[in-house]
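Analysis of the macromolecular model
Okay, here's what each chain looks like letter by letter:
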Amino acid sequence: MFGVAPSDGTSARPAGTSAGGVLIAAYGVAAYAMFLVGDGTLTVTAVVIDVLLLGLFAVQHSIMAREGFKRWWTRVVPPSAERSTYVLASNVCLILLVAAWYPITHDVWRVSAQPWRAVLTATALVGWAIALLSTLLIDHFDLFGVRQVFARLRGRRPAEHEFTTPLFYRIVRHPLYLGFLVAFWVTPRMTLGHLLFSIATTGYILLAIQFEERDLIRVFGEQYRDYRRRVPMLIPGLGGHS
């Protein structure tokens, strides 16, 4: 029989990145779920494939969004095409994720009774709508690289970004991510594969916000620090810097 040795009060923290920790946590949850369920639809292969696909998507997003990478990358591609290249790489990783995803179909929960099923479905759609509208509230075409390439075509430099907080951005600092979280988690049917996806993407979002806000502070300085103090990160009404 195996026992658990009592802690001696010291912390043995393994080396590694926060992104790696999120992926390992998702892997561990999925493996534990396999032990509990023991269902033939759950395989180690499925978990490994899905975690690797999620990891590829997360690493691509994180690395290509960093200023250091952008400075290096714009020596290879024109600066006006940098964002479009990021979007193209993201699309390739997303297509690969969808095409190669290994379904893990055991239900964690399933809501079939009305009106609750319709309420959950509608709430998820609201999440997607919040995500889309959040891109339009700032600069949708800049976010996806279109404004930059047309500025180059007209022989102009893209306009500098001004710090603004329209609509949703007065309620939370990251409404785009909030919309994604609502869409990912609010569902009438949650399978273990969906749960693995939701846990991994939630961890990535929380990590990405830390890097993103560091960049925003570098660009906007005290203006963004004040915004952080006043407006919550993701949960409305929670208070600033949270």
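About the thresholds
Residues numbered from 1 in each chain as written. Predicted model: local features only at pLDDT ≥ 70, side-chain atom pairs only at ≥ 80, totals over all residues. Heavy atoms only, no water. Helix = DSSP H or I, 4+ residues; strand = E, 2+ residues; numbered from the N terminus. Buried < 20%, exposed > 50% of the residue type's maximum accessible area, 1.4 Å probe, protein only. Areas by Shrake-Rupley, 256 points an atom, 1.4 Å probe, with all protein chains shown as cover. Core = buried A, V, L, I, M, F, W, Y, C linked by side-chain atoms within 4.5 Å. Contact = heavy atoms within 4.5 Å. Patch = residues over 30% accessible without salt bridge, like charges linked within 9 Å, V, L, I, M, F, W, Y side chains within 5 Å. Salt bridge = Lys/Arg side-chain N within 4 Å of Asp/Glu carboxyl O. Phe/Tyr/Trp six-rings, centres within 6.5 Å; stacked < 30°, edge-to-face > 60°. Axes fitted to C-alpha atoms, helices over the stretch in contact; angles between N-to-C directions. Parallel < 35°, antiparallel > 145°, perpendicular 65-115°, else oblique.

**Details of the overall build of the protein chain**
Along the backbone of the protein chain there are 10 helices and 2 strands. Burial analysis of the protein chain (242 residues in total) assigns 36% to the buried set. On the protein chain, roughly 15,000 Å² of surface is accessible, and the fraction owed to carbon and sulfur atoms is 67%.

**Some points on the nonpolar core**
Counting 12 residues, the largest nonpolar core is built from A46, V47, V51, L53, L54, L97, I104, M190, L192, L195, L196 and A200. Counting residues per element, the ones that place at least two in this core are α2 (44-64) and α9 (192-220). Among the elements that take part in this core, α2 stands out by supplying 5 residues, more than any other. In contact with L53, not counting residues within four places along its chain, are L96, L97, A100 and W101.

**Observations regarding a nonpolar patch on the surface**
Residues F144, V146, V149, F150 and L153 make up a contiguous nonpolar surface patch of about 440 Å² in total accessible area. Note that V146 resides in helix α7 (residues 146-153). The exposure class of V146 is partly exposed, given its relative accessible area of 32%.

**Describing the packing of aromatic side chains**
Within this structure, the stated rule accounts for 12 aromatic pairs. Measuring from ring centre to ring centre gives 5.5 Å for F69 and W72, while their planes differ by 55°; the resulting arrangement is tilted. One end of the pair, F69, and the other, W72, are both in helix α3 (residues 67-73), 3 residues apart, so they sit about a helical turn from each other. Taking the relative accessible area as the measure of exposure, F69 reaches 22% and is therefore partly exposed.

**Regarding the environment of E82**
Along the chain, E82 turns up in helix α4 (residues 82-100). Overall, E82 belongs to the buried group, its relative accessible area being 12%. A C-alpha to C-alpha distance of 9.3 Å links E82 and V149, two positions 67 residues apart in sequence. Excluding its chain neighbours within four sequence positions, the residues that come into contact with E82 are M64, K70, W73, T74 and V77.

**A look at the packing of α9 against helix α10 (residues 222-230)**
Taken N-terminus to C-terminus, the directions of α9 and α10 make an angle of 135°; their axes are 6 Å apart at the nearest point. With respect to each other, α9 and α10 are oriented oblique. In this structure, α9 uses E213, L216, I217 and F220 to contact α10, whose residues at the interface are E222, Q223, Y224, R225 and R228.

**Quick notes on the pattern of salt bridges**
In total, this model carries 11 salt bridges according to the counting rule given. Salt-bridge contacts for R225 lead to E222; the nearest nitrogen and oxygen are separated by 3.9 Å. With R225 and E222 both in helix α10 and 3 residues apart, this pair spans about one turn of that helix. Looking at E222, the relative accessible area reads 45%, which means it is partly exposed. Counted as one network, the salt bridges with shared partners bring together E222, R225, D226, R229 and R230.

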